[in-house]
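Each chain, letter by letter, is given below.
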Amino acid sequence: MQDVTNLPFMRVMQRYGGPDYYVTEYFRVHADYTLEKKILCSITENETGRPVYAQLIGQDIEALVRVAGELQAYPVAGIDLNLGCPAPVVCRKDAGGGLLRKLDHMEAIIAALRDAIPGKFTVKTRVGYDSHHEFAKLLEIFQRHAIDTLTIHGRTVTERYQTPIHPECIRMAVEQMQCPVIANGNVVDVQTGLGALRQTGADGLMIGRGAIRNPWIFDQLRASFSGEPVAKVSRSDLLGYIEHLYQEIAAHADDFDPGKHVNRMKKYMLYIVQGIDEDFEHYIRRAKTPEDFHRVCRDFLDHADPLPDRPPEKSKLFCGFDALR
Ligand SMILES: Cc1cc2nc3c(=O)[nH]c(=O)nc-3n(C[C@H](O)[C@H](O)[C@H](O)COP(=O)(O)O)c2cc1C
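Below is a short write-up of the structure. (Residues numbered from 1 in each chain as written. Predicted model: local features only at pLDDT ≥ 70, side-chain atom pairs only at ≥ 80, totals over all residues. Heavy atoms only, no water.)

1. A few points about the site of the ligand
- Residues in close proximity to the ligand total 15 residues, the closest being Gln55, Lys124, Asn184, Asn186 and Arg209.
- Between asparagine 186 and the ligand, the recorded distance is 2.7 Å, taken from a backbone N or O atom to an oxygen atom.
- One nitrogen or oxygen atom from the side chain of arginine 209 is found 2.7 Å from an oxygen atom belonging to the ligand.
- Computed on the free molecule, the ligand has an accessible area of 610 Å², of which 87% lies beneath the protein chains in the complex.
- Each residue belonging to the shell around the ligand can be placed in one class, and the counts come to five nonpolar, eight polar and two charged. (Near = heavy atom within 4 Å. Polar contact = N/O pair within 3.5 Å; in protein donor to acceptor, adjacent residues only side chain to side chain. Areas by Shrake-Rupley, 256 points an atom, 1.4 Å probe, with all protein chains shown as cover. Nonpolar A, V, L, I, M, F, W, Y, C, P; charged D, E, K, R; others polar.)

2. Some points on the packing of aromatic side chains
- The final tally for this structure, using the stated rule, is nine aromatic pairs.
- Ring centres of tyrosine 271 and phenylalanine 318 lie 6.1 Å apart, and the angle between their planes is 80°; this geometry places the pair in the edge-to-face category. Placement of tyrosine 271 in helix 12 (residues 258–272) and of phenylalanine 318 in the segment after helix 14 (290–301) is noted, with a sequence separation of 47 residues between them.
- Of the residues examined, phenylalanine 318 reaches a relative accessible area of 2% and is grouped as buried.
- Members of the aromatic cluster, each reached through a chain of ring pairs, are Tyr16, Trp216 and Tyr241. (Phe/Tyr/Trp six-rings, centres within 6.5 Å; stacked < 30°, edge-to-face > 60°. Helix = DSSP H or I, 4+ residues; strand = E, 2+ residues; numbered from the N terminus. Buried < 20%, exposed > 50% of the residue type's maximum accessible area, 1.4 Å probe, protein only.)

3. Quick look at helix 10 (residues 217–225)
- Along helix 10, the residues that are buried comprise Ile217, Phe218, Gln220, Leu221 and Ala223.
- Residues of helix 10 that are buried make contact with helix 1 (7–15), helix 8 (190–200), strand 7 (204–206) and helix 9 (209–213).
- Within two residues after helix 10, glycine 227 carries a phi angle of roughly 75°, on the positive side. (Contact = heavy atoms within 4.5 Å.)

4. Let's talk about the sheet that holds strand 2 (residues 52–57)
- Ordered by their spatial adjacency, seven strands build an open sheet running 1-2-3-4-5-6-7, and the pairing between neighbours is parallel. Since the sheet does not close on itself, it has two edges, and those belong to strand 1 (22–28) and strand 7, each with one partner. Going across the sheet, the axis of each strand differs from the next one's by a mean of 25°, ignoring polarity.
- One ladder, built from four bridges, connects strand 5 (residues 149–153) with strand 6 (residues 181–184); its direction is parallel. By the bridge assignment for strand 6, histidine 153 is matched with asparagine 184. (Pairing = 2+ DSSP bridges. Axes fitted to C-alpha atoms, helices over the stretch in contact; angles between N-to-C directions.)

5. Focus on empty space enclosed by the protein
- Here the structure, examined in full by the defined rule, presents one cavity of 30 Å³ or more.
- By volume, the largest cavity amounts to about 60 Å³.
- Along the walls of the largest cavity sit Tyr21, Val23, Tyr53, Asp80, Thr122, Thr149, Thr151 and Met206, which together make up its complete lining.
- For the lining of the largest cavity, the residue count by class is four nonpolar, three polar and one charged. (1 Å grid on protein atoms, 1.4 Å probe; cavity = no way out; pocket = protein on both sides within 12 Å on 5 of 7 lines; lining within 4 Å. Points joined across faces, edges and corners; volume = space filled by probe spheres on them.)

So this is what it looks like as structure tokens:
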């Protein structure tokens, strides 16, 4: 995820168990693009012990093929193509989710990348641009190319992030694709993870926002799959996680500035505070110095009460996950 799943974030996730593999923030490829160090380091300095895929976004075929080739020189597990980003600035340029409106061009990109990538080539898509009824057409295209994994964020581009997903589309892909299909969208705890697998039949789960809020989610799901007890998390555990994140991101910054750092932390905190006291978000938003920031976190989290498993169903940044339970 842009500005989130960077190297320090991956390091912190790994302390809590981490996913089976990581995907970088996207490299936003265009004709004169050169690989950005800030993203590349999550490949070259990845010491999580888990594979990392490099994600590309763009619409210039020649440039995408060139950059995919350049990335082969680094220890990537594979190359992933982003067909889901809904940001207007991206879609206007017919990249990311915008490619779901330009099927011929999307297919030409997939074909060219497949030809150019000797190792794993994976695709991350949404289920359509305006409507999930577009998905059957997309699937026909994905089936024509030997992609290695298809990850489906089960919303359309216009649905952005705040609706239930369309599990039936993911199920259709599971039935029709030769490769593994990974379900993505709205997994926020073990129950919604199990629900997503049950409703889609997918081979695995990709978790985004839910992992920012609850980095224990990967190990909690693993425990649940193997019939072991699922560890409960307390407020003081969450405080420890926030402190790790704070330190790891600060240690990675080459321009450390305390005020800027507090603001950087707020990007993560907006997900973390959901479902904890309303005042927590209020005070975090107003924190300006590291002292304010740590004091507010300690005031709300420095005790052993258990955390709620899920954020509220209609919180600002999580929505529609109840349909997976
Ligand atoms: C802040 C933010 C940044 C994101 N950046 C990316 C990205 O770079 N590449 C990508 O494939 N998806 C990106 N996504 C989408 C997520 O990977 C995921 O598909 C979506 O949030 C739904 O899954 P979730 O409910 O588990 O978060 C981003 C989402 C958010 C909220």
